[in-house]
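As a plain string of letters, each chain reads:
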Amino acid sequence: SSISDCVCAPGYSGIGGGTPCQECAAGKYKPLKGSDTCTNCDAGTFANATAATASAVCTACALNSYSEAGSGAAMMCTCSAGYSGPDGGMCTACDVGTFKLEPGALACAACATGTFKNFTG
């Protein structure tokens, strides 16, 4: 047995063999030992923990919000178009007469004079 037999533990990635292994960053996990790379949490989820060993660490974003794959904090979850609220927080549907075309924390805007929207979202 020699240092070249060393492998990275679950939650850590690298080539092993005496080379230092790096912990999986927030938003990633690795369930098995070895040199495999860490896996991103799915889009629509996030994980604050580092060196995670299971996908169970990935937490769903709040309803009506979204995050990119590999997101490492709740703040990376942004409200979908048609919904408003703080990044990482609860998203509320735009009221009747207001709209929001882009995702993010911006407020819903009022419809232009002479136009209307008669549904929420």
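Residues numbered from 1 in each chain as written. Predicted model: local features only at pLDDT ≥ 70, side-chain atom pairs only at ≥ 80, totals over all residues. Heavy atoms only, no water.

1. Focus: unusual backbone geometry
If you check the backbone angles, Ala51 has positive phi at about 60 degrees while not being a glycine. Looking at where Ala51 falls in the secondary structure, it is placed in the loop between β5 (45–46) and β6 (59–60). A positive phi angle, near 65 degrees, is found at Asn64, a position not held by glycine. Following the sequence through the fold, Asn64 ends up in the loop between β6 and β7 (65–66). (Helix = DSSP H or I, 4+ residues; strand = E, 2+ residues; numbered from the N terminus.)

2. Focus on the nonpolar core
Within the largest apolar cluster, 5 residues are counted, these being Tyr29, Cys41, Ala47, Ala52 and Cys58. Setting aside chain neighbours within four positions, we find Ala52 in contact with Gly11, Cys24, Lys28, Tyr29, Lys30 and Val57. (Core = buried A, V, L, I, M, F, W, Y, C linked by side-chain atoms within 4.5 Å. Buried < 20%, exposed > 50% of the residue type's maximum accessible area, 1.4 Å probe, protein only. Contact = heavy atoms within 4.5 Å.)

3. Overview of the environment of Leu101
Here Leu101 is to be found in the loop between β11 (98–99) and β12 (109–110). Assessed through its relative accessible area of 66%, Leu101 is described here as exposed. With 80 residues separating them in the primary sequence, Leu101 and Cys21 have C-alpha atoms 43 Å apart.

4. Section: the environment of Pro10
Within the secondary structure, Pro10 is located in the segment before β1 (12–13). Take Pro10: its relative accessible area is 32%, and that puts it in the partly exposed class. Residues Pro10 and Cys21, spaced 11 residues apart in sequence, show a C-alpha to C-alpha distance of 10 Å. Sequence-distant contacts of Pro10, that is, excluding residues within four places in its chain, are made with Lys30, Pro31, Leu32, Lys33 and Thr53.

5. Structural notes on the state of the cysteines
By the definition in use, this model includes 6 disulfides. One disulfide bridge connects Cys8 with Cys21, the sulfur atoms lying 2.0 Å from each other. In this structure, the disulfide formed by Cys8 and Cys21 twists by about -90 degrees around the S-S bond and is classed as left-handed. Within this pair, whereas Cys8 is found in the segment before β1, its partner Cys21 is found in the loop between β1 and β2 (22–23), the two being separated by 13 residues in sequence. (Disulfide = S-S within 2.5 Å.)

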